[in-house]
Amino acid sequence: MTLRAKARKLHRDLAPSVSACGVRIPGGGLARLTVGERGARVAGATRCASPWSCPVCAPRLAALRAEALRPQVAALMASGGSAWLVTLTARHARGDDLRGLWTRLSGAWKRVTSGRAWADLRSRGAPQFVRGADLTFGEGAGWHPHLHVLLLLPAAHGDGAAVAAWLLDRWRSALEAEGLEALPQGLDARRADSPEAAAAYAVKPAAVYEAGAMALKRAKGEGSGRTPFELLQAAVAGDRRAVVLWREYVAATKGIRQTTTSRGLKLTTDDELAEADEAAGDGEVVALLSGGALCLLDGAPLAALLDAAERSHCDALEMLARELGPPGRLWFFPREKMVV
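The structure contained in this document is the topic of the report that follows. Quick caveat: nothing in here was measured; it's all calculated off a predicted structure.

**Observations regarding the sheet that holds strand β5 (residues 142-153)**
Hydrogen bonding along the main chain pairs the strands of a sheet, whether they run parallel or antiparallel. Read from one edge of the open sheet, five strands run β6-β3-β5-β4-β7, paired in antiparallel fashion. Looking at the sheet topology across the chains shown, the edges are occupied by β6 (188-191) and β7 (259-261). Across the sheet, the mean angle separating the axes of adjacent strands is 20 degrees when strand polarity is ignored. Looking at chain direction, strand β4 (residues 128-138) and β7 are connected through three bridges and run antiparallel. Bridge assignment links G132 to a residue of β7, and that residue is T259.

**Section: helix α14 (residues 313-324)**
With 12 residues, α14 should reach 16 Å at 1.5 Å per residue; the first-to-last C-alpha distance of 16 Å fits that figure. Where α14 is concerned, the buried positions are A316, L317, M319, L320 and L324. Projected down its long axis, α14 shows its buried positions confined to an angular sector of 155 degrees, all on one face. Where α14 is buried, its residues meet β1 (31-36), β8 (284-289), α12 (291-297), α13 (300-311) and β9 (331-332). Of the residues trailing α14, G325 is marked for its positive phi of about 90 degrees.

Conventions used here
- Residues numbered from 1 in each chain as written.
- Predicted model: local features only at pLDDT ≥ 70, side-chain atom pairs only at ≥ 80, totals over all residues.
- Heavy atoms only, no water.
- Pairing = 2+ DSSP bridges.
- Helix = DSSP H or I, 4+ residues; strand = E, 2+ residues; numbered from the N terminus.
- Axes fitted to C-alpha atoms, helices over the stretch in contact; angles between N-to-C directions.
- Expected span 1.5 Å × (residues − 1).
- Buried < 20%, exposed > 50% of the residue type's maximum accessible area, 1.4 Å probe, protein only.
- Arc of directions from axis to C-beta.
- Contact = heavy atoms within 4.5 Å.

Right, here's the structure in full:
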């Protein structure tokens, strides 16, 4: 079964929309199994669009946001501006309340981007930013929430190094006002060398890192904390401690905005994610699926079905027949293909 399918029961009471993602159909209609240029997809099912807790929607939303941001960063760089990748952390300890840490980190960032000092900075050339929330869990120090900020500076600020250093100092002061302490080794500001790297920085949290990238970091001795989806993988494998941590994570992040931007930038919204998924499902419709069919196909059978659909429409329909029986109450051919 897929990770999303295995995880549904773990957070059904905490995040019903996440548990329903991909297996319910708005209005009780029919979903569409399509085959097009992007391969086989199921279109028309609900999408939770959770950037935190859904192992399907989170990476999809992150990729779309990076795609939307890249040309905006490229235009700034082409005009002589600079892009900075800024990491902002705070000292924390095992047992700290995760929701409380989020609240204070958010408060600190609001202090950074408000007040007379920020207004003075804007008067010399308005900066733009994308602030992404991220976190890992370490057995020694517990939850480690932190911020990844993409800072975009117009050419009026020169190479931007002075502004980046000023931002780190301002973060230290903002943390103190929130009752927190900066973690010196966790503060960093580096100039981005490409629009692609800059666009991905703040909108792709550790939760959606590719498995290969995480494995490489661990091989180098970096990233000792586990990402949320690594905790989820352990939880569905039967690790009771991981179940507790995953549920704490889902509850603490519910309603928290993972990514915020300044007014001059635009990112993909949850509604646009749903529209993009529908557009990606605009290939040839080879079968219509009821909500009951989606539930029965949830997990590995559906994955096998999609693989078969990419090879041959006939194979896809044969797979449906094996899993769900002949066309009838749960699945149908499109009307123009139905055999009476």
